[in-house]
Amino acid sequence: MSKRLASFICLALFATSACAQQYDVVLEGGRVMDPETGADAVRNLGIRDGKIVRISSEALSGREVIHAAGLIVAPGFIDLHQHGQDLASQRVKALDGVTTALELELGAPDVAQFLKAKEGHSLIHYGSSASHVAARAAVLGAPIPADASPPLPKSGPVTDRPATAEQIRRIQERLGTELDAGGLAIGMGIQYTPGATRLEVIDIFRLAAERRLPVYTHVRSSGRVEPGSSIESISEVIGAAAITGASLHIVHINSSCLRDVLECLSMIEGARARGLDVSTEAYPYTAGMTAINSAIFNPGWQEKQGISYGDLLLPDTGERLTKDRFDVLHNSSTERVVVRFNNTQEAVDQAIAHPLVMIASDGLAGHPRNAGTFARVLAQYVREKGTISLMDALRKMSLMPAQMLERSTPAALQKGRLQEGADADIVIFDAGAISDRSTYEKLMEPSVGVRFLLVGGTILVNEGKIVPDVFPGRALRGPGKR
Ligand SMILES: [Zn+2]
């Protein structure tokens, strides 16, 4: 009997036993929440071939049934900013509710190699931008090692020197190749390449605009000291977006703007009101983290950021730094990450609650944000402080990042929504219990409260545990060659 005939008979015999097991998976009796339509009701969900096929108050039958009574059923969280792409990071992301985690800020140095290595080996969906820092480092003569994590160049002449016009042309050419390979955007860590002139930045935005793809950027500087303030840095990229027409996503507005975060957000609001396509994100921690041998720690960092050696922590040993120790690590060619305590709780709270701000983790082993970002927002801001509603939190974690991703791939239209026809990337969690557990001491402690997670219709988390030996993650790719 053909599939079509079978479904016709099922339609005719609606809800009888002849139609038993018509779905691969049924989620029964959960509180189904969709941030796009505002739907919020107890429903049953039927999933087939990786898609949400039916949302109904009627009983549905399936080969597998998940009892979701008392639990929230929501679109899987989409993390636009995830550096750690290893399996250990993916496990803690899944237990934090994440079904898609993309390296868009910096980008993998080699997109084709990145996508190939992950195919069939990924728990959750993945993808990368084309990396400006990597293309630039390669053209200026010191390529970033393939295993660098995060993929950053060591501070030195390569990061600090301006590129010639010819070098900028070659950087654009390399970025073009990375976009041809499936890069979703251009990622720019401008603070890691302080030698990049304003013109180089505009020229890279021009390439993005030509390819009709967005720029994700870590801006040039942060703090209040001029020149080089957060305000100036946000102005630079909004200006480049206005000049070129490229869409712009400013990463971690919390750590890039610190105590001026509301000023920076008002700049983004102003740009949007003038018709520019600018978005942003934040993570819910007062400390940042980055490579200690990177150009972020070029001379002047203490004055700019208002911190000193003792505010820096080596996460693997718990060591606080001194001047001598800092000098050794900053000058080393071995990349090590350092946690910096540079922000206030007030600024973080303002960023997370702001309606323009999406949640993105900037995740990487070494900082609790890798494992705890999404559960922490649900626990602290929705449940404890009550500064955002549950639906708004879900919007910040699923719909808004999906809408941003639509600028890179139509596949994103099926994500971030809990609707018939959408991809079955679904998180099922206990709103009363969900909490982060990772700390600066216990970095990879998984969050609790995510009871089930489906990635493309495959059950990846079952009763709060990762299902072994399933790899349902698929690539998200940009449009490739024009
Ligand atoms: Zn960054």
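**Student:** For this particular structure, what's the right way to read the coordination of the zinc ion?
**Tutor:** Angles between donor atoms at a metal ideally measure 109.5 degrees for a four-coordinate tetrahedral arrangement and either 90 or 180 degrees for a six-coordinate octahedral one. Coordination of the zinc ion by the protein comes from Glu105 (OE), His218 (ND1) and His252 (NE2), over a distance range of 1.8 to 2.3 Å. On the basis of relative accessible area, His218 is assigned to the buried category, the value being 3%.

**Student:** What should I look at first to understand the environment of Gly156 in this one?
**Tutor:** Structurally, Gly156 can be placed in the loop between α4 (132-139) and α5 (157-160). Put simply, Gly156 and Ala142 are 14 residues apart on the chain and 9.8 Å apart in space, counted from C-alpha to C-alpha.

**Student:** How do you make sense of the packing of helix α7 (residues 198-210) against helix α8 (residues 230-244) when you look at a structure like this?
**Tutor:** Working note: a packed helix pair is described by the angle between its axes plus the distance between those axes. Two elements in contact, α7 and α8, have axes whose closest approach is 9 Å; the angle formed by their N-to-C orientations is 45°. In terms of orientation, α7 and α8 fall into the oblique class. The crossing of α7 and α8 is right-handed. Counting all contacts with α7, which are made through Arg198, Val201, Ile202, Phe205, Arg206 and Ala209, the residues of α8 involved are Glu232, Glu236, Val237, Ala240, Ala241, Ile243 and Thr244. Class assignment of the residues belonging to the contact of α7 with α8 gives a composition of eight nonpolar, one polar and four charged.

**Student:** What is the right way to look at the confidence of the model for the protein in this model?
**Tutor:** With 95% of its residues at a pLDDT of 70 or more, the protein shows a mean pLDDT of 95. Every residue in residues 1-9 scores below 50 in pLDDT, and together they form three contacts with partners more than four places removed in sequence or on other chains.

**Student:** Would you take a moment to explain the sheet that holds strand β13 (residues 278-282) for this structure?
**Tutor:** Across a sheet, strands are paired by hydrogen bonds formed along the backbone, either parallel or antiparallel in direction. If you trace the seven strands from one edge of the open sheet to the other, you get β8-β9-β10-β11-β12-β13-β18, paired in parallel fashion. Every interior strand has two partners, whereas the edge strands, β8 (103-108) and β18 (357-359), have only one. Between one strand and the next, the sheet's axes are offset by a mean angle of 40°, whatever the strand orientation. Looking at chain direction, β8 and strand β9 (residues 128-131) are connected through two bridges and run parallel. Among the inter-strand pairings, Glu103 is bridged to a residue of β9, identified as Ser128. Sheet contacts for helix α15 (residues 390-405): β8, β11 (215-218), β12 (248-250), β13 and β18; angle to β18, the most-contacted strand, approximately 110°.

**Student:** Explain the state of the cysteines here, please?
**Tutor:** Covalently bonding the sulfur atom of one cysteine to the sulfur atom of another cysteine gives a disulfide. Throughout the structure, instances matching the rule amount to one disulfide. Covalent S-S linkage joins Cys257 and Cys264, the inter-sulfur distance amounting to 2.2 Å. When the S-S torsion is -95°, as for the bridge of Cys257 with Cys264, the disulfide is left-handed. Across the pair, exposure class does not vary: Cys257 and Cys264 are buried alike.

Rules behind the numbers
- Residues numbered from 1 in each chain as written.
- Predicted model: local features only at pLDDT ≥ 70, side-chain atom pairs only at ≥ 80, totals over all residues.
- Heavy atoms only, no water.
- Donors = N, O, S within 2.8 Å, 3.2 Å for Na, K, Ca; no water.
- Buried < 20%, exposed > 50% of the residue type's maximum accessible area, 1.4 Å probe, protein only.
- Helix = DSSP H or I, 4+ residues; strand = E, 2+ residues; numbered from the N terminus.
- Axes fitted to C-alpha atoms, helices over the stretch in contact; angles between N-to-C directions.
- Parallel < 35°, antiparallel > 145°, perpendicular 65-115°, else oblique.
- Left-handed = near helix turned anticlockwise from the far one by under 90°.
- Contact = heavy atoms within 4.5 Å.
- Nonpolar A, V, L, I, M, F, W, Y, C, P; charged D, E, K, R; others polar.
- pLDDT = per-residue confidence, 0-100.
- Pairing = 2+ DSSP bridges.
- Disulfide = S-S within 2.5 Å.

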